[in-house]
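Structural description and commentary
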Amino acid sequence: MILKRNYSKKLFISTLLILFSTFLFCATAKYQDENFSLIVNYTETVTPGDAIFVRLNIQPTGELKKHKSEIATNSLLQLIKDKKEIDKSSFYSISKSKKSNNIEVLAGIPLSSWLKNANYSIKVTFNLSNNKFKEFELPLTFTEKTFFEETIELDEKNTEIKTDNSPKRAAQIDKLNSILFTVMPSDVYSLGKMTVPTDSTRYTSYFGDRRTYAYTNGKSSTSIHHGNDYGVPTGTPINSCAAGRVVMAEDRISTGYSVVIEHLPGLYSLYYHLSELLVKEGDMIKQGELIGKSGATGLATGPHLHWEMRLNGASVRPEFFLSNFTFEQE
């Protein structure tokens, strides 16, 4: 059942008062019955390459106050396309005070840059108590996006890196993927807007660019660019886009000196081709803290910073996170 604007009806026995408002690309829905009140803030627009985030603020009443942990740990977000689930993600707790009666949970789903126009909605399911689940759907709006196509001519050095099939490179890829697909519900380090990792506004490549790599042997391959490239001189200070924990800081064949920082469960920022690492694995980092200096290590045609964001393993347009994507009160 899709809940629409200015609409109220009987839902799962309880009568809910539904209020709906939209601001920019975010929307708010409110629900009320005798057992709880609920405020839902969510990303209302499906934009290829971006993400959908949903924040629930649940205030249980009466007996439900005893089941706060069940509500927080048994909530699910689903992305629906033409009535079929295409992705899902579990909610995790972001409640700031254990003394508060309110339960706040957050979940995010990355949106493929290949998404096409269709009927999209989100479905939220949460456990009130004793396996009594509530669920509802909310509508989404699709927005078209076009991505740039380019051909990159590689020299012999970069051709060798791009076509490297060695066990060492395969192990590095497996290690990184293992990190990026890890979701730790307790790892909530930053809920605010992120900031860009460099003051430079000179982009040399953008997220979602469709790339063809031309090799020196006459062959080629295609891929998608997973982040933004900033054309900055070697040695330019690079700062963390948000507070978090360093989960990788090492030299890799493809990406050179690389740093990966965890910010939220399943949400990571990546910084590639650095000339110098100034952090190590396990370090706790503040927003804007210096983590390294730019360079041209790994597969690079010149000095630059590659900044990438990953959510549940999938790349997301970095600028999406410069907005109030968690609906944190400012």
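Rules of the game
Residues numbered from 1 in each chain as written. Predicted model: local features only at pLDDT ≥ 70, side-chain atom pairs only at ≥ 80, totals over all residues. Heavy atoms only, no water. Pairing = 2+ DSSP bridges. Helix = DSSP H or I, 4+ residues; strand = E, 2+ residues; numbered from the N terminus. pLDDT = per-residue confidence, 0-100. Contact = heavy atoms within 4.5 Å. Polar contact = N/O pair within 3.5 Å; in protein donor to acceptor, adjacent residues only side chain to side chain. Axes fitted to C-alpha atoms, helices over the stretch in contact; angles between N-to-C directions. Core = buried A, V, L, I, M, F, W, Y, C linked by side-chain atoms within 4.5 Å. Buried < 20%, exposed > 50% of the residue type's maximum accessible area, 1.4 Å probe, protein only. Phe/Tyr/Trp six-rings, centres within 6.5 Å; stacked < 30°, edge-to-face > 60°. Lys NZ or Arg CZ within 6 Å of the ring centre and 35° of its normal. Salt bridge = Lys/Arg side-chain N within 4 Å of Asp/Glu carboxyl O.

On a regular strand, each side chain points to the face opposite its neighbour's, so the side chains alternate between the two faces of the sheet. Taken together, the seven bridges between strand S4 (residues 26-32) and strand S5 (residues 36-43) define a ladder with antiparallel strand orientation. Residue pairing for S5: Ala-27 is matched across the bridge by Tyr-42. Linking two consecutive strands that pair antiparallel, namely S4 and S5, is a turn of three residues.

Moving on to the confidence of the model for the protein. On average, residues of the protein score 88 in pLDDT, and 86% of them are at 70 or above. Long-range and interchain partners of residues 1-24, a stretch whose pLDDT sits below 50, account for 57 contacts in this model, where long-range means more than four residues apart.

Within the secondary structure, Asp-229 sits in strand S19 (residues 227-230). The spacing of Asp-229 and Thr-204 is 25 residues in sequence and 5.4 Å in space, taken between C-alpha atoms. Ignoring anything within four residues of it in the chain, the contact list for Asp-229 reads Arg-202, Tyr-203, Thr-204, Ser-205, Arg-211, His-304, Leu-305 and His-306. There is a polar contact of 3.4 Å between the side chain of Asp-229 and the side chain of Arg-211.

Pairing is mixed in the open sheet, where three strands are placed in the order S15-S17-S18. Two strands bound the open sheet, and with one partner strand each, they are strand S15 (149-153) and strand S18 (220-224). Mean inter-strand twist for the sheet, computed between neighbouring axes without regard to direction, equals 25°.

Attention now moves to the nonpolar core. Ranked by internal contacts, the top residues of the largest apolar core, which has 31 residues, are Phe-53, Tyr-271 and Phe-321. Those elements giving two or more residues to this core turn out to be strand S7 (51-60), strand S22 (256-264), strand S23 (267-277) and strand S26 (305-311). Top element by residues in this core is S26. It accounts for four residues. One finds Phe-91, Ala-107, Leu-111 and Phe-136 within the second-largest nonpolar core, a separate group that totals 29 residues.

This part is about the packing of aromatic side chains. Here the structure, examined in full by the defined rule, presents 12 aromatic pairs. One aromatic cluster in this structure is built from Phe-53, Phe-320, Phe-321 and Phe-325. Positioned above the aromatic ring of Trp-114 is the side chain of Arg-210, whose terminal nitrogen or guanidinium carbon lies 4.0 Å from the ring centre.

Another aspect to go through is the pairing of S5. When you tally the buried positions in S5, you get seven out of eight residues, the bulk of the element. Here S5 runs beside S7; their pairing, made up of seven bridges, is antiparallel. Its bridge partner lying in S7, Leu-38 is registered against Ile-58.

For the rest of this paragraph, the subject is the pattern of salt bridges. Pairing is possible between side chains of opposite charge, provided their charged atoms come close. Applying the stated rule across the entire model yields 11 salt bridges. Between Arg-55 and Glu-104 there is a salt bridge, with the nearest N and O atoms lying 3.0 Å from each other. Separated by 49 residues along the polypeptide, Arg-55 in strand S7 and Glu-104 in strand S11 (residues 103-110) bring together distant segments of the chain. Among the residues examined, Glu-104 registers a relative accessible area of 17% and is labelled buried. Salt bridges sharing partners connect three or more residues here, namely Arg-55, Glu-104 and Glu-328.

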